[in-house]
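Listed here are the chains, written in short residue letters.
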Amino acid sequence: MAIQLKVPSIACGGCADTITKAIKAQESEADVQVDVEQKIVTVETKASEESIKQAIVDAGHTVE
């Protein structure tokens with residue numbers, strides 16, 4: 001299932017790496033794409049949207 005989330009706290013590639021690692025720590029097979037300019041995270045995953053949001057929040061970012 002593809003999940004697309006707006007993450008306004010993304011500022012740079014380092015943020016993208018942090019978010020990617022946090023999601024992959026939860027589900028190693030997830031396909032994570034982070035668009036830094038648009039501040040959009042797209043995740044192809046079997047995990048629930050809530051668990052993906054929580055991983056991003058736990059990494060110190062905000063999800064709209």
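Anyway, here's the lowdown on the structure attached to this text. Note that the structure is a prediction, hence the values are computed from the model and not measured. (Residues numbered from 1 in each chain as written. Predicted model: local features only at pLDDT ≥ 70, side-chain atom pairs only at ≥ 80, totals over all residues. Heavy atoms only, no water.)

### As for the overall build of the protein chain
In step 1: Of the regular secondary structure elements, the protein chain holds two helices and three strands.
In step 2: The C-alpha atoms of the protein chain give 10 Å as radius of gyration, which agrees with the globular expectation for 64 residues (11 Å, within 12%).
In step 3: Dimensions of the protein chain along its principal axes, counting C-alpha atoms only, are 25 × 20 × 15 Å.
In step 4: Among the 64 residues that make up the protein chain, the fraction classed as buried is 33%.
In step 5: Considering only contacts in the protein chain between residues 6 or more positions apart, those separated by 24 or more positions represent 61%.
In step 6: Accessible surface for the protein chain amounts to roughly 3700 Å². Of this, 49% is attributable to carbon and sulfur atoms.
In step 7: Distance between charge centroids for the protein chain: 3 Å, based on 6 positive and 11 negative side chains. (Helix = DSSP H or I, 4+ residues; strand = E, 2+ residues; numbered from the N terminus. Rg over C-alpha atoms; globule rule 2.2 N^0.38 Å. Buried < 20%, exposed > 50% of the residue type's maximum accessible area, 1.4 Å probe, protein only. Contact = heavy atoms within 4.5 Å. Areas by Shrake-Rupley, 256 points an atom, 1.4 Å probe, with all protein chains shown as cover. Lys, Arg positive; Asp, Glu negative; His and termini not counted. Charge placed at Lys NZ, Arg CZ, Asp CG, Glu CD.)

### A look at the pattern of salt bridges
In step 1: In total, this model carries two salt bridges according to the counting rule given.
In step 2: Here Lys 46 makes a salt bridge to Glu 29, at a shortest N to O gap of 3.9 Å. In this pair, Lys 46 sits in the loop between strand E3 (40-44) and helix H2 (49-58) while Glu 29 sits in the loop between helix H1 (13-26) and strand E2 (31-35), placing the two residues 17 residues apart along the sequence. Of the two residues, Lys 46 and Glu 29, neither departs from the other in class, the shared state being exposed.
In step 3: For Lys 53, the salt bridge goes to Glu 49, with nearest N and O atoms at 3.5 Å. Highlighted residues: Lys 53 and Glu 49, both in helix H2, separated by four residues, approximately one helical turn.
In step 4: Overall, the relative accessible area of 23% leaves Lys 53 in the partly exposed class. (Salt bridge = Lys/Arg side-chain N within 4 Å of Asp/Glu carboxyl O.)

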